[in-house]
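Architecture and fold: a report
Here are the chains, one letter per residue:
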Amino acid sequence: MADMSGDCKEYHEIVIKTFVSEEDGFNFYNSYALEKGFSVRRSYVEWDEANKEIILRKFVCSREGCREEKHMKRKRADMKRRPRNITRVGCKAKLVIARAEETGQWFVKDFIDVHTHKLAPGDIACLLRSHRRISAEQKADIIEMETAGIRKHKIMDVLRMQCGGFDKVGCTTRDIYNFCHQYKQETVADGDAQTVIRHMMAREERDPGFFFRYLVDKDDHLKGLFWCDSQSRLDYKAFGDVVVFDSTYRTNKYNLPFVPFVGLNHHRSTVIFGCGIISHETTEAYEWMLEVFSEAMSQKHPISVITDGDLAMQRAIRVIWSDSNHRLCVWHIQQNIVRHLSDDKVKEEFRSFIYDSSSIAEHESKWLDFLERNKVTSEESWLHQMYQMRKLWCAPYLAGRCFLGLSSNQRSESLNSVLHTHLSSQMTLFKMLEHYERCLSTRRLNETVLNIVSLQSVPYTEPDASSLEVHAAMVFTSSVFKMVRYSLDAVSKCFMSNILDGSDLDGSDLVTFVVAKKDRREKKFEVRSVEKEGSPYRISCSCRKLECVGTPCSHILYVLGTIKAKELPRCCVPTRWTMSARSAYPLPSRNSGMYDYSKSLMRYRELRKLSHAACFRACQSDEAYHRLEMVLKAPDDSMESTSGQNESIRFGPVLPLTEQTVPGDLGKVLDPLCVQGRGAPKKRLQAKMKKPRSKGKCGYCGDEGHNVRTCKKLKEDNKLREEAL
């Protein structure tokens, strides 16, 4: 029995309508509801006798019915969440449609248009639930932007600008969050770790240069992972002389340390060699990581390594990379100075040990005097711990070692700051891999931009610049030339103290120039020049900057200017600082190989590009606008529906997954176990030393029942420190 309410003419127009399908009836009623200002939901349904087809469907106002009594009690013993706002107010509005057995058409069986609540104004009715829909083309764009690292609320801003207002977008920011979450869940339906492992196996099948290894525990939970693509391995061959890495950050839902391996390319910008994840910061875990890294890089060990103060990491480096120079990050030491020392004078005196270039004997004497004056006697004190590790951070012990001018792991820190931007502690392994690939592509794009700048331009030099400066501008990359120019500017401060003649071991002429700075005459440097055929072909300086940084020092440049050299000797121009650094290796692949694109998505992207250009041209005149509008609005029955409900449609790029099973007897790799607490051993040197508390709580590890003096973890760390040194 229909209720004769509302506008009579409108009512009669609705009750005589027929629909070709149930979905057609819902779309009509939903459009009607949008005009009126209410939302619609599906309610009662009847099936035929065979229970195969729907023969009746009731659509109601979303505020129909009432909340059950059991959900109305505000204070229940088992209630953990606050009750939601009440939306059901017993509204009677509805539209009932039934299917005629003879024709298969759907007709209106009942229609009530009386509401017991206020209707929404037209400008905000679009935000009601049944009127919010993300179209198929919007889904494709959303996934594309989300993959590119654009945050969801920014995606909403883009859609709002494109559509001309929030009322024309068709969805809200929350809908975008829900869709992206559902899409991500579908991607990792087989499990987070399993999806990542299968993806890496697929990449290994397609790219023989791709490398990855993983480690599982006895219960098949992932506890270690390392990977690098073919380009990262080539980068290491060209620039793997100095490696920087740390595991400070734990930006993932499993609280696992994230360990990127980075270095410097020929533009002195960050280059990524690989990335790893470990479950615990133990010596065994780091040894596994370094062994796998060495395997990926054909057992080529770096000349030097820069890390933070983790004791387990130090011991692993001494075991696996025993022939590599190792230094601690100065930035971390500076942070610990502020954390552990309160006296400003003591801070400044301690900082002087970092950069003091005196002899080792003088340095040792200063250390002992410093410890005695500050009454440092306990081996548990931070100052004593740093004294024990002085060979890893004090300047005299590191003199002459190649670190390319780096004294901290800022390269790794800066990379981590990018890798961890806009990421939360709920990040999955797959999302972390996706974000890592995005950062990797960005770094390689930046290198490409610097390459084109260096290939198509030469740094500016003054018209009266020396021939050495002009030659340096031509051979070095722009970024490195800035460092050489600094040394060139310092040449004016140098003067010749003495010249000594001699001969080299091979009989070549050897000339030793004694050079000093005008403001520091007492400190002299010996520049040894081996000449052949009247020109220097091998030159070195006692300051060792050429060996440590790879660029000639002001003393060498002064001597070259004195002997009227027109060009820098070949020994002063390391290949790694020139545009020829990659000439011995294949052309780099700067595009990420993480995703493939389906044919439909490729076609959509091409048509979108063409349509954007066509639309912009058509909007310039009314005639062209209306002509293109008619073409776009013309119905095409041959086109398949893209309502987004077809499960075969992929709105984003396709993640390659191997069809093979995981090798070995594992069958399936389970997700990592979440690491709880401090872990063992953590960065003890970065933890603030606290005095023992009277309540029996250790000031070192934080556990109850003992103090610092009886702490087993402290004793284990001291043992690790002694072994590392």
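Everything quoted here is computed from the prediction, not taken from an experiment. (Residues numbered from 1 in each chain as written. Predicted model: local features only at pLDDT ≥ 70, side-chain atom pairs only at ≥ 80, totals over all residues. Heavy atoms only, no water.)

1. With respect to the overall build of the protein chain
- Counting secondary structure elements, the protein chain contains 23 helices and 16 strands.
- Among the 725 residues that make up the protein chain, the fraction classed as buried is 46%.
- Long-range contacts, defined here as pairs at least 24 residues apart, represent 63% of the contacts in the protein chain between residues at least 6 apart.
- In the form shown here, the protein chain has an accessible surface area of approximately 39300 Å², with 51% of it arising from carbon and sulfur atoms. (Helix = DSSP H or I, 4+ residues; strand = E, 2+ residues; numbered from the N terminus. Buried < 20%, exposed > 50% of the residue type's maximum accessible area, 1.4 Å probe, protein only. Contact = heavy atoms within 4.5 Å. Areas by Shrake-Rupley, 256 points an atom, 1.4 Å probe, with all protein chains shown as cover.)

2. Describing the packing of aromatic side chains
- In this structure the tally under the stated criterion is 28 aromatic pairs.
- Ring geometry for F293 versus W321: centroids 5.7 Å apart, planes at 65 degrees, classification edge-to-face. Here F293, found in helix α8 (residues 283–296), pairs with W321, found in the loop between α9 (311–320) and β12 (325–328); they are 28 residues apart in sequence, far enough to count as distant.
- An aromatic cluster of at least three residues, connected via ring pairs, comprises F211, F226, Y236, F245, F261, F273, F293 and W321.
- The cationic tip of R42 hangs over the ring face of F26; the distance from NZ or CZ to the ring centre is 4.0 Å. (Phe/Tyr/Trp six-rings, centres within 6.5 Å; stacked < 30°, edge-to-face > 60°. Lys NZ or Arg CZ within 6 Å of the ring centre and 35° of its normal.)

3. What to know about the packing of helix α3 (residues 136–147) against helix α5 (residues 173–187)
- Direction vectors running N to C along α3 and α5 enclose 75 degrees, while the axes themselves pass 11 Å from each other. The pairing of α3 with α5 is recorded here as roughly perpendicular in orientation. Side by side, α3 and α5 meet where K139, I142, I143 and E146 of the first sit next to I176, F179, C180 and Y183 of the second.
- Residue classes in the contact of α3 with α5 are distributed as six nonpolar, no polar and two charged. (Axes fitted to C-alpha atoms, helices over the stretch in contact; angles between N-to-C directions. Parallel < 35°, antiparallel > 145°, perpendicular 65-115°, else oblique. Nonpolar A, V, L, I, M, F, W, Y, C, P; charged D, E, K, R; others polar.)

4. With respect to helix α6 (residues 192–206)
- Taking 1.5 Å per residue, 15 residues should reach 21 Å; α6 reaches 22 Å between its end C-alpha atoms and fits that length.
- Here α6 lies mainly inside the structure; 12 of its 15 residues are buried.
- For α6, the complete set of buried residues consists of D192, A193, Q194, T195, V196, I197, R198, H199, M200, M201, A202 and R203.
- Buried residues belonging to α6 abut α5, β6 (211–216), β7 (222–228) and α16 (429–456). (Expected span 1.5 Å × (residues − 1).)

5. Points about the sheet that holds strand β4 (residues 94–99)
- Across the sheet, which stays open at both edges, the five strands sit in the order β1-β5-β4-β3-β2 with antiparallel pairing between neighbours. Because the sheet does not close on itself, it has two edges, and the strands there are β1 (18–19) and β2 (40–47).
- Sheet analysis places β4 next to strand β5 (residues 106–112), joined by six bridges and oriented antiparallel. Opposite K94, over in β5, you have I112 as the bridge partner.
- Helix α2 (residues 22–36) contacts β1, β2, β3 (54–61), β4 and β5 of the sheet and is inclined by roughly 150 degrees relative to β2. (Pairing = 2+ DSSP bridges.)

6. With respect to the packing of helix α4 (residues 152–163) against α5
- Packing of α4 against α5 brings their axes to within 9 Å, and their N-to-C directions diverge by 120 degrees. Considered as vectors, α4 and α5 are oriented oblique to each other. In this structure, α4 crosses over α5, and the sense of that crossing is right-handed. Contacts between α4 and α5 involve K152, H153, I155, M156 and L159 from the first element and T173, I176, Y177 and C180 from the second.
- Grouping the amino acids of the contact of α4 with α5 by side-chain chemistry returns six nonpolar, two polar and one charged. (Left-handed = near helix turned anticlockwise from the far one by under 90°.)

7. Focus on the sheet that holds β7
- Strand order in the open sheet formed by seven strands is β6-β7-β10-β9-β8-β11-β12, with mixed pairing between adjacent strands. Because the sheet does not close on itself, it has two edges, and the strands there are β6 and β12. Across the sheet, the axes of successive neighbouring strands diverge by a mean angle of 20 degrees, strand direction being ignored.
- Alignment of strand β8 (residues 242–245) against strand β11 (residues 304–307), held across three bridges, turns out to be parallel. In the strand pairing of β11, V242 is matched with S304.
- Set on the sheet, α8 makes contact with β6, β7, β8, β9 (258–264) and β10 (270–278); between it and β7 the angle comes to about 25 degrees.

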